[in-house]
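Per-entry structural report
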2 protein chains.
Amino acid sequence: MQIYGDTKSGNCLKVKWVCDHLALPYDWIAVDIMTGESRTPAFLAMNGAGQVPVVRFDDGRTLAQSNAIIRYLARGSALIPSDPFDAAKMDEWLFWEQYSHEPYVAVCRFQMVYLGRSRDERDPDKVRRGEAALARMEEHLQKHRFLATDAVSLADVALLAYTRVAHEGGFDLAAYPAVQRWIREAEQALGLAG
Amino acid sequence: MQIYGDTKSGNCLKVKWVCDHLALPYDWIAVDIMTGESRTPAFLAMNGAGQVPVVRFDDGRTLAQSNAIIRYLARGSALIPSDPFDAAKMDEWLFWEQYSHEPYVAVCRFQMVYLGRSRDERDPDKVRRGEAALARMEEHLQKHRFLATDAVSLADVALLAYTRVAHEGGFDLAAYPAVQRWIREAEQALGLAG
């Protein structure tokens, strides 16, 4: 299996973390999105959306969208709750991550890390919505150890990706103590700590 | 089961269509998002994201995020491919819909239908990205009958929701003949036609 990705991208790291956690072997193919490597005809044939990560399996079939990839790779593992409703709550967080968290928390970080903008040059609307996403996580994590159930799941993998580096997008995690506690525990449970 | 939703919202209609198609009984509770009904304490207790649709089951448990809801309600049905890789390709479209289609095609429609803006007053960046999403669907549907596999699936349910009303957001579907063909066939397969 080949993972086409960028190690600065949280979406790509989700796939790496799941493979490492489940001991799935892979080759990592570095793709530089800033020089157009994800917009070449060969890349677009793998993923018409022109985005990393993409996974190519040994039979040539390809799969895109980070949360769809990790959901497929982790099937049958403890990272997906066996109870159907618990799995649905995990999915609720996965879709929320892509709709209400990543477009703000990750995009502010993209503006600073990839485009070199200062903290004050971030899009104010994205900052406000990113803070709202972190506040919603804080409220939930004040009452729950992990996001979907009492055990670590793909919901934690997906939200961890950009939350743990939110400070690189100018967000001050000191305002979110339950989120900080959860980052430590999720990293520990996934074997990412230290 | 109660569905809290707005019949003008494609995200809410996805849930209704799946219930109707699978003959799942439900009560529809109308929520007016424009008057703050999705931001009350009672509503936020069901969905901290303050968004419709939300489903409340008879045991009091609740589930949000349209694509997570339909994935749960349709489990074990023909709307989810039984082959795990085919189901993953369906998921790829579900996540793409929420990240690269809904925020542009649906939001342009929101600006016109809910906020009363004219076609020329839409956000130009959202128009451009909405057109890119429709172009990607067109390219895929020139070669494939449905989105994920040869049979209708939740991928078609999810993308149909806002694509069939894209003209209400100022998008001209005459430029996308394969998308128009797919709308007719998907509506037919889901029992929405006529």
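Here the structure is a predicted model, which means the values were calculated and not measured.

So, the sheet that holds strand 3 (residues 54-56) of chain B
Strand pairing within a sheet occurs via backbone hydrogen bonds; the two strands may be parallel or antiparallel. All names here are of chain B. Read across the open sheet, the four strands follow the order 2-1-3-4; overall the sheet is mixed. The outermost strands of the open sheet, each flanked by one partner alone, are strand 2 (27-30) and strand 4 (62-64). Here the strands of the sheet are splayed against their neighbours by 20° on average, with no regard to which way each runs. Relative to strand 2, strand 1 (residues 2-5) runs parallel, the two sharing four bridges. Paired with Y4 across the strands is I29, a residue of strand 2.

Concerning the domain arrangement of chain A
All names here are of chain A. Once the domains are mapped, chain A shows domain 1 (2-73) and domain 2 (84-190). Distance between the C-alpha centres of domain 1 and domain 2: 21 Å. With 12 residues of domain 1 in contact, the opposing surface of domain 2 contributes 12 residues. Contributions of two or more residues to the side of domain 1 that touches domain 2 are made by helix 1 (10-22) and helix 3 (66-73). Looking at the side of domain 1 that touches domain 2 residue by residue, the classes come out as five nonpolar, four polar and three charged.

Some thoughts on the interface of chain B and chain A
With 25 residues of chain B in contact, the opposing surface of chain A contributes 25 residues. Taken together, the elements giving at least two residues each to the side of chain B that touches chain A come down to strand 4, helix 3 (66-73), helix 4 (84-113) and helix 5 (124-141) of chain B. Examining the composition of the side of chain B that touches chain A, we find that 11 residues originate from one element, helix 4 of chain B, more than from any other. Tallied by class, residues from the side of chain B that touches chain A come to 11 nonpolar, six polar and eight charged.

Quick notes on the relation of the copies chain B and chain A
The operation linking the two copies of the chain is a rotation about an axis combined with a translation along the axis. Of the two same-sequence chains, chain B is brought onto chain A (RMSD 0.0 Å, axial shift 0.0 Å) by a rotation of 180°. In symmetry terms, the pair is related by a two-fold rotation axis. Relative to the rotation axis, the C-alpha of Y99 of chain B is the closest in chain B, positioned 3.0 Å from it. Both copies contact each other with a shared surface, as 100% of the interface residues of chain B are interface residues in chain A too.

Cut-offs and rules
- Residues numbered from 1 in each chain as written.
- Chains lettered and ligands numbered in written order.
- Predicted model: local features only at pLDDT ≥ 70, side-chain atom pairs only at ≥ 80, totals over all residues.
- Pairing = 2+ DSSP bridges.
- Helix = DSSP H or I, 4+ residues; strand = E, 2+ residues; numbered from the N terminus.
- Axes fitted to C-alpha atoms, helices over the stretch in contact; angles between N-to-C directions.
- Domains from an automatic or database assignment.
- Contact = placed C-beta atoms within 7 Å.
- Nonpolar A, V, L, I, M, F, W, Y, C, P; charged D, E, K, R; others polar.
- Least-squares fit on C-alpha atoms with pLDDT ≥ 70 in both.

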